[in-house]
Amino acid sequence: MTLDDLGNIGETIGGIAVVVSLLYLATQIRQSSRIARFQAHRSLSEAMAAIMADIARDPELYRVWRQLIDHPDAASEDDRERFGLMLYRAFSTFGDAHRFADLDTSLNSRYKLYRNRLLGYRAVRLWWIRQRESFSESFRRDVDHYIATTFPSDTD
């Protein structure tokens with residue numbers, strides 16, 4: 001066996017090692033992506049469950065929630081503030097889902113359903129108009145577009 005033959009064998013083995021390394025790396029990246037999607041789903045689900053559980057568990061929070069949903073104009077300033085804090089938590093979760101949509105589009109579409117259901121209430125849309133600057137530009141555009149197309153009288 002000549003020195004050239006040994007060199008060719010070395011190059012072949014090196015090439016195979018590179019291909020095996022790339023395959024391993026691709027597998028690791030795919031697994032990391034799955035883990036990231038799972039953790040994002042879990043984090044968002046836990047956040048929404050906590051918001052709903054807090055409202056359901058605390059009679060005073062539930063009263064504030066119902067008051068603002070049913071009769072927003074009759075609510076006290078303190079109740080409006082508590083309602084706003086609940087909405088801020090919820091919309092922060094929706095904003096996270098919007099941001100995580102790069103990982104998994106189903107995240108955003110799932111939480112858009114919750115978000116849009118809340119935006120069906122006038123009190124929530126009024127809160128959004130006052131607080132929208134607290135959220136990312138991309139998320140604001142998405143929510144504003146939904147409101148403008150679904151509730152055009154709110155944007156006049």
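Residues numbered from 1 in each chain as written. Predicted model: local features only at pLDDT ≥ 70, side-chain atom pairs only at ≥ 80, totals over all residues. Heavy atoms only, no water.

**Q** Just to check I follow, could you spell out helix α4 (residues 105-119) for this structure?
**A** Since one α-helical turn is 3.6 residues long, residues separated by three or four positions face the same way. The end-to-end C-alpha distance of α4, which contains 15 residues, comes to 21 Å, matching closely the 21 Å that a straight helix rising 1.5 Å per residue would cover. Turning to α4, its buried residues number three or more, namely L107, N108, Y111, R115, N116, L118 and L119. Residues of α4 that are buried in the fold lie against α1 (3-57), α2 (59-70), α3 (77-100), α5 (122-131) and α6 (137-150). (Helix = DSSP H or I, 4+ residues; strand = E, 2+ residues; numbered from the N terminus. Expected span 1.5 Å × (residues − 1). Buried < 20%, exposed > 50% of the residue type's maximum accessible area, 1.4 Å probe, protein only. Contact = heavy atoms within 4.5 Å.)

**Q** So what exactly am I meant to see when it comes to the pattern of salt bridges here?
**A** Side-chain pairs of opposite charge can arise where the charged atoms are in close proximity. Applying the stated criterion across every chain, the model contains 16 salt bridges. Two residues, R82 and E60, come together in a salt bridge whose shortest N-O distance is 3.6 Å. Taken together, the residues span a long stretch of sequence, with R82 in helix α3 and E60 in helix α2 at a distance of 22 residues. Residue E60 is classed as partly exposed on the basis of its relative accessible area of 33%. Linking R132 and D144 is a salt bridge whose minimum nitrogen-to-oxygen distance equals 2.2 Å. Here D144 lies in helix α6 and R132 lies in the loop between α5 and α6, a separation of 12 residues in the sequence. Its relative accessible area of 22% is what places R132 among the partly exposed residues. Taking the relative accessible area as the measure of exposure, D144 reaches 23% and is therefore partly exposed. Overlapping salt bridges bring together E60, R63, D79 and R82 as one network. (Salt bridge = Lys/Arg side-chain N within 4 Å of Asp/Glu carboxyl O.)

Scope: geometric values only; no functional claims are made or implied.
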